[in-house]
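Close look at the chain arrangement
Each chain, letter by letter, is given below.
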Amino acid sequence: MGPLVSPGVAVRAMLAGALAACLSAGPAGAAQRDLRFDVPPEWLEQQPSSPMRVAEFLLPRLESDVEDAELVVFYFGGGGGTVEANLERWTNQMLQPDGTPSAEVATTTSFLVGDLPVTLLDVPGTFAAEVRPGSRMRYYKPDFRLLAAVVETPAGPYFFKLTGPDPTVRRWADSFEAAIESARLD
């Protein structure tokens, strides 16, 4: 078993050097199944910076970019809002240089991974999310991209959010989708 990242949540190493994230939720001692997904070895696991984050990864930047991309996995014990509300909130965290609403350039894809409904979101633009929830301060990061996924489980949705410079996020897009497509309950 890998390091404990928060009560009831662990990240475990799998055979052959591949990592699998094991994200379990619920009261201690309760019968539960873990959401796991295969993590590429190039992704660098980070200590979650908030109790709302059950896993956090740094995805190394391309040489042409000024910063790395960040992938955060959130789980709110079955809460956290609807899929649609989260997609809208994430879309609104991106601004378009020409003033076009980000909803007009965002793309969503829905599919099943086993019996788990998944929705993917892709939005390019200027990252302008709140620095902290409820903060008046916002980021202003042009030429960024936001890739996100909601994996719906019987214990509630898991929210995956990848943000970073557009070229770096595009570099990691296939491995992000592969990780989401590997999601399973154990």
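Each chain carries its own residue numbering, running from 1 in the written order of its sequence. At least 70 in pLDDT is required for a residue's local features to be given in this predicted model, at least 80 for side-chain atom pairs to be given and counted, and no such filter applies to totals for whole chains, interfaces and linings, which use all residues. To obtain the side-chain values, all non-hydrogen atoms of the structure were included, while hydrogens and water were left out.

Secondary structure elements follow DSSP: runs of H or I no shorter than four residues count as helices, runs of E no shorter than two count as strands, and numbering proceeds from the N terminus. Here a helix's expected span is defined as the number of its residues, less one, multiplied by 1.5 Å. If you check helix α2 (residues 166-181), its first and last C-alpha atoms are 22 Å apart, about what 16 residues at 1.5 Å a residue would give, namely 22 Å. Note that bend, as reported per residue, equals the angle between axes fitted to the 7 residues terminating at that residue and the 7 residues originating from it. The axis of α2 is deflected most strongly, by about 45°, at alanine 173. When α2 is considered as a whole, its buried residues turn out to be Asp166, Thr168, Val169, Trp172, Ala173, Ser175, Phe176, Ala179 and Ile180. Per-residue accessibility, obtained with a 1.4 Å probe over protein chains only, is compared with the maximum for each type, and a residue is labelled buried under 20%, exposed over 50%, and partly exposed between these values.

What follows is about the pairing of strand β10 (residues 116-127). Counted residue by residue, β10 has nine buried out of 12 residues, so it is predominantly covered. Note on pairing: DSSP must find at least two bridges between two strands before they are called paired. In this structure, strand β8 (residues 94-95) lies alongside β10, joined through two bridges in antiparallel fashion. Following the sheet pairing, leucine 95 is matched in β10 by threonine 126. As paired elements, strand β9 (residues 107-113) and β10 share seven bridges and run antiparallel to each other. Along β10, the bridge assignment pairs phenylalanine 111 with valine 118. A loop of two residues connects β9 with β10, the two strands running antiparallel in sequence, and glycine 114 in this loop sits at a positive phi of about 65°.

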